[in-house]
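# An overview of the molecular structure
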Amino acid sequence: MGRRGLVILFAAVLAGACGKSDDAQAQAIVAAWQKAGLEPSALEPIDGKPFDDGKCRTGSVGGIDVTMCEYKDADAAKRAEAVGLTKIGDATGVARAEGRVMLVLADRRGHDPNGRTINRILKVFSETK
Amino acid sequence: MKRTLLLLAIASFFVAARADAKHFRFQGMHPIPESQGGGFCYIETPHVHIYEPARPDVLYRNEPDGYAFVGDPVPYGYDGPKYSYYGHHPIYVYGDAEEYCYLDGPHYHWFAPPPQARYRLKGGVYFYTGPFPSVYVEAKPRYTRINTVYRPLRYSRPVVIEAPPPEYTGPVFVEDRPTVVVPSGPPMVHAGVQAGFSVQIGTPPPPAVIVHEERPVYVQERPVIVRERPVIVREREVYVKHDRGKHRGWKKWEDED
């Protein structure tokens with residue numbers, strides 16, 4: 001294998017590692033919610049185009065609807081907050097970016113009238129980077 | 001066809017406006033209006049609700065991230081960590097915005113002042129000892145109306161057992177019920193009854209006690225020296241002026257204003 005081959009191999013390994021790192025971050029957040037007793041469901045992949053072309057998953061945490069999207073960088077995630085707010089609908093909700101991940105929470109079933117669960121979900125999310 | 005397109009455009013504009021208008025942004029924790037079940041919202045970061053805040057004119061400041069609650073959270077059922085303050089002071093919790101709290105006397109907030117701010121902690125109560133800039137003075141007529149919202153609320157306010165420190169230049173809280181006016185010559189007369197009664201000292205004689213409420217006042221013989229700064233010696237219990245179950249809601253405050 002020549003020098004060029006080594007470079008290509010290195011790039012491929014790096015790309016694979018980055019992909020795993022994305023998944024690992026999402027998994028770490030879900031695990032942290034689980035550990036905090038917030039009972040997250042499985043987060044299923046969805047089309048991320050409506051969320052400013054993020055890589056998105058959706059599910060629920062503690063009875064709150066959750067959409068978690070990953071972006072290429074922190075700026076893109078921050079910009080996507082505005083779009084995230086429009087997806088909340090007729091409910092109490094939050095769109096919040098931390099690093100490359102943007103989280104949309106919506107209490108569409110009125111599980112959390114005083115916002116304590118939403119606040120806990122956000123705190124765990126902020127602490128898990 | 002052109003007309004149809006125009007109608008569609010107008011209709012889509014109204015749908016979009018409604019979509020924008022159905023959320024109200026809040027910057028942090030805040031009371032939940034009675035019309036929405038009451039209580040307190042504990043979301044500490046910017047978030048949205050489908051309802052408007054109650055009394056946004058005095059209980060909130062309009063910040064870029066939404067309505068920022070500046071009142072005492074305790075009477076609305078807040079049960080988290082809290083800090084005691086006395087009188088008016090700056091609020092630092094909402095970023096760089098220069099905002100002030102205009103609540104008279106002892107009250108709570110969920111935030112402590114930052115270490116570099118000019119406060120004196122005395123008897124577990126924060127007294128602001130810094131200057132009040134023109135922005136505070138200019139907004140004072142508007143925002144001191146917050147006290148008309150809090151005065152009728154019945155809840156346990158912080159216990160203040162020590163007089164404000166000399167550096168404190170803000171207004172001093174005077175218990176306002178029942179009012180006893182004692183015109184007198186030397187500044188040493190007092191019609192003390194129960195701790196917490198308001199006493200105003202007039203200048204000239206004749207010595208007389210004027211009671212401005214119909215409630216009986218029991219005058220003790222023991223003279224009490226009146227200082228320049230009245231001191232609150234016990235927890236203040238404020239009694240609600242009931243509307244005999246009519247519950248006129250927020251409208252009554254608007255009427256009073």
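Residues numbered from 1 in each chain as written. Chains lettered and ligands numbered in written order. Predicted model: local features only at pLDDT ≥ 70, side-chain atom pairs only at ≥ 80, totals over all residues.

This next bit is on the interface of chain B and chain A. Taken together, the contacts link 13 residues of chain B with 15 residues of chain A. When residues of the side of chain B that touches chain A are traced back to their parent elements, those giving at least two are β3 (40-41) and β4 (47-49) of chain B. Considering every element that reaches the side of chain B that touches chain A, the biggest residue donor is β4 of chain B, with 3 residues. When the residues that make up the side of chain B that touches chain A are grouped by side-chain class, the tally is 6 nonpolar, 5 polar and 2 charged. (Contact = placed C-beta atoms within 7 Å. Helix = DSSP H or I, 4+ residues; strand = E, 2+ residues; numbered from the N terminus. Nonpolar A, V, L, I, M, F, W, Y, C, P; charged D, E, K, R; others polar.)

The phi torsion at aspartate 52 of chain A lies on the positive side, around 60 degrees, for a residue other than glycine. Within the secondary structure, aspartate 52 of chain A sits in the loop between β1 (44-46) and β2 (55-61). Overall, the presence of 18 C-beta atoms within 10 Å leaves aspartate 52 of chain A in the partly exposed class. Phi at arginine 55 of chain B takes a positive value of approximately 45 degrees, unusual for a residue other than glycine. Tracing the sequence through the fold places arginine 55 of chain B in the loop between β4 and α2 (56-59). Its 18 C-beta neighbours within 10 Å are what place arginine 55 of chain B among the partly exposed residues. (Buried ≥ 20, exposed ≤ 12 C-beta atoms within 10 Å, placed from the backbone.)

With that out of the way, let us pick up the sheet that holds strand β12 (residues 125-128) of chain B. Residues and elements named next belong to chain B. Read from one edge of the open sheet, 4 strands run β10-β7-β12-β11, paired in mixed fashion. At either margin of the open sheet sits one strand with a lone partner, and together these are β10 (106-109) and β11 (119-122). Taken over all neighbouring pairs, the strand axes of this sheet differ in orientation by 35 degrees on average, direction set aside. Here strand β7 (residues 83-86) runs beside β10; their pairing, made up of 4 bridges, is antiparallel. Bridge assignment links tyrosine 83 to a residue of β10, and that residue is histidine 109. (Pairing = 2+ DSSP bridges. Axes fitted to C-alpha atoms, helices over the stretch in contact; angles between N-to-C directions.)

Time to look at the confidence of the model for chain B. All names here are of chain B. The predicted model of chain B has a mean per-residue pLDDT of 71, with 58% of residues at 70 or higher. In the predicted structure, residues 5-21 sits below a pLDDT of 50 and forms 0 contacts with residues beyond four places in sequence or in another chain. Low pLDDT (under 50) marks residues 177-228, which in the prediction has 72 contacts with non-local residues, meaning those over four places away or in another chain. Of the two predicted TM-score estimates for the complex, the pTM is 0.70 and the ipTM is 0.84. (pLDDT = per-residue confidence, 0-100.)

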